[in-house]
Amino acid sequence: EDQVTQSPEALRLQEGESSSLNCSYTVSGLRGLFWYRQDPGKGPEFLFTLYSAGEEKEKERLKATLTKKESFLHITAPKPEDSATYLCAARRVGGGSEKLVFGKGTKLTVNP
Amino acid sequence: KAGVTQTPRYLIKTRGQQVTLSCSPISGHRSVSWYQQTPGQGLQFLFEYFSETQRNKGNFPGRFSGRQFSNSRSEMNVSTLELGDSALYLCASSPVGETQYFGPGTRLLVL
């Protein structure tokens, strides 16, 4: 069964204190690893898509990387506005479906 | 382009009632997926529609159903509501094989 696990469940950082969020996945034939950001009461907002091991993508203070079993979301010098829940999701090959399997998220709090 | 829109944004129902939620995808997106989000289970896949056909279904009881219209708009229906159906229901649209974009969700409370 496809599975996505995120750690830690919650992370509290001081402004400027860099860290990484982990997403490990067990998916038969990965066809995309996705990162979303979700603010309270809102829908997930797309951040990155990664397709193959070794791929990296960056956006402002965020950088996502992918290996054959894990993905990391690195946050450099975070600001309070980066506080949110970060969700990781995997899509598998085959079946002609767009179904995403989500992890339960990492709730990030950045204190000023 | 306008984003994914969902209506209504909030709903309060009582046990045993039924509810219909609506989703309008981003223009040009033909795939629409529905997810249920709860604090305990996170985001769980309900079903996906493409060209008015259900392509995949998650592990939810038959009380949960959906459909897609020729303009790609989608509805989901939950019959005989239970307390455990209280959740945020999210709709996402995408071009085939590409990134899904989510709407703001419909918050359903069952009393």
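Residues numbered from 1 in each chain as written. Chains lettered and ligands numbered in written order. Predicted model: local features only at pLDDT ≥ 70, side-chain atom pairs only at ≥ 80, totals over all residues. Heavy atoms only, no water.

(A) Inspection of the pattern of salt bridges at higher detail. Scanning all chains against the criterion turns up 10 salt bridges over all chains. Between A:Asp82 and A:Arg61 there is a salt bridge; the shortest N-O distance is 2.8 Å. Taken as a pair, A:Asp82 in the loop between strand 8 (70-75) and strand 9 (84-92) and A:Arg61 in the loop between strand 6 (56-59) and strand 7 (62-66) lie far apart in primary sequence, 21 residues in all. The closest approach of N and O atoms between B:Glu75 and B:Arg67, which form a salt bridge, is 3.3 Å. With a relative accessible area of 17%, B:Glu75 lands in the buried category. Of the residues examined, B:Arg67 reaches a relative accessible area of 47% and is grouped as partly exposed. Because the salt bridges share partners, they merge into one network encompassing B:Arg63, B:Glu82 and B:Asp85. (Salt bridge = Lys/Arg side-chain N within 4 Å of Asp/Glu carboxyl O. Helix = DSSP H or I, 4+ residues; strand = E, 2+ residues; numbered from the N terminus. Buried < 20%, exposed > 50% of the residue type's maximum accessible area, 1.4 Å probe, protein only.)

(B) View of the sheet that holds strand 6 of chain A. All names here are of chain A. Read across the open sheet, the 5 strands follow the order 1-3-8-7-6; overall the sheet is antiparallel. Looking at strand neighbours, the two that pair on one side only are strand 1 (3-7) and strand 6, the edges of this open sheet. On average, each strand axis in the sheet is inclined to that of its neighbour by 15°, with strand direction left out of account. Two strands pair when backbone bridges link them, and strand 7 and strand 8 are joined in this way by 5 bridges, in the antiparallel orientation. (Pairing = 2+ DSSP bridges. Axes fitted to C-alpha atoms, helices over the stretch in contact; angles between N-to-C directions.)

(C) Geometry of the state of the cysteines. Residues and elements named next belong to chain A. Inspection of every chain in the model, using the stated rule, returns 2 disulfides over all chains. Between the sulfur of Cys 23 and that of Cys 88 lies a disulfide, 1.8 Å long from S to S. The sign of the S-S torsion, about -55°, decides the handedness of the disulfide formed by Cys 23 and Cys 88: left-handed. Of this pair, Cys 23 sits in strand 3 (residues 19-26) while Cys 88 sits in strand 9, and the two are 65 residues apart along the sequence. Its relative accessible area of 0% is what places Cys 23 among the buried residues. (Disulfide = S-S within 2.5 Å.)

(D) Broad picture of the interface of chain B and chain A. Contact with chain B, which involves 24 residues of that partner, is made by 20 residues of chain A. Between chain B and chain A the total buried area reaches about 1,600 Å² when both faces are included, carbon and sulfur atoms providing 49% of it. Three residues stand out in chain B for area buried against chain A, namely B:Leu43, B:Thr99 and B:Phe102, and they jointly supply 28% of the buried area on that side. Applying the counting criterion to the chain B and chain A interface returns 0 salt bridges. Our count for the contact surface shared by chain B and chain A stands at 6 residue pairs in polar contact (both at pLDDT 80 or more). (Contact = heavy atoms within 4.5 Å. Buried area = accessible area lost by both parts, 1.4 Å probe. Polar contact = N/O pair within 3.5 Å; in protein donor to acceptor, adjacent residues only side chain to side chain.)

(E) Quick look at the packing of aromatic side chains. One pass over the full model with this rule turns up 10 aromatic pairs over all chains. For the ring pair B:Tyr35 and B:Phe45, a centre distance of 5.7 Å and an interplane angle of 70° mean the geometry is edge-to-face. Of this pair, B:Tyr35 sits in strand 4 (residues 31-38) while B:Phe45 sits in strand 5 (residues 42-50); the two residues are 10 residues apart in sequence, bridging distant segments of the chain. For B:Tyr35, a relative accessible area of 0% puts it in the buried group. Arranged with centres 5.7 Å apart and planes meeting at 70°, the rings of B:Phe47 and B:Tyr49 form a pair that is edge-to-face. Like B:Tyr49, B:Phe47 is buried. Through a chain of ring-to-ring contacts, three or more aromatic side chains come together here, namely A:Tyr36, A:Phe46, A:Phe102, B:Tyr35, B:Phe45, B:Tyr101 and B:Phe102. (Phe/Tyr/Trp six-rings, centres within 6.5 Å; stacked < 30°, edge-to-face > 60°.)

(F) A look at the nonpolar core. Of all hydrophobic cores here, the largest spans 25 residues; its most connected members are A:Leu33, A:Trp35, A:Leu73 and A:Tyr86. Contributions of two or more residues to this core are made by strand 2 (10-14), strand 3, strand 4 (30-38), strand 5 (45-50), strand 7, strand 8, strand 9 and strand 11 (106-111) of chain A. The leading source of residues in this core is strand 9 of chain A, at 4 residues. Counting residues in each nonpolar core, the second largest holds 21 residues, with B:Val4, B:Cys23, B:Leu81 and B:Cys91 among its members. (Core = buried A, V, L, I, M, F, W, Y, C linked by side-chain atoms within 4.5 Å.)

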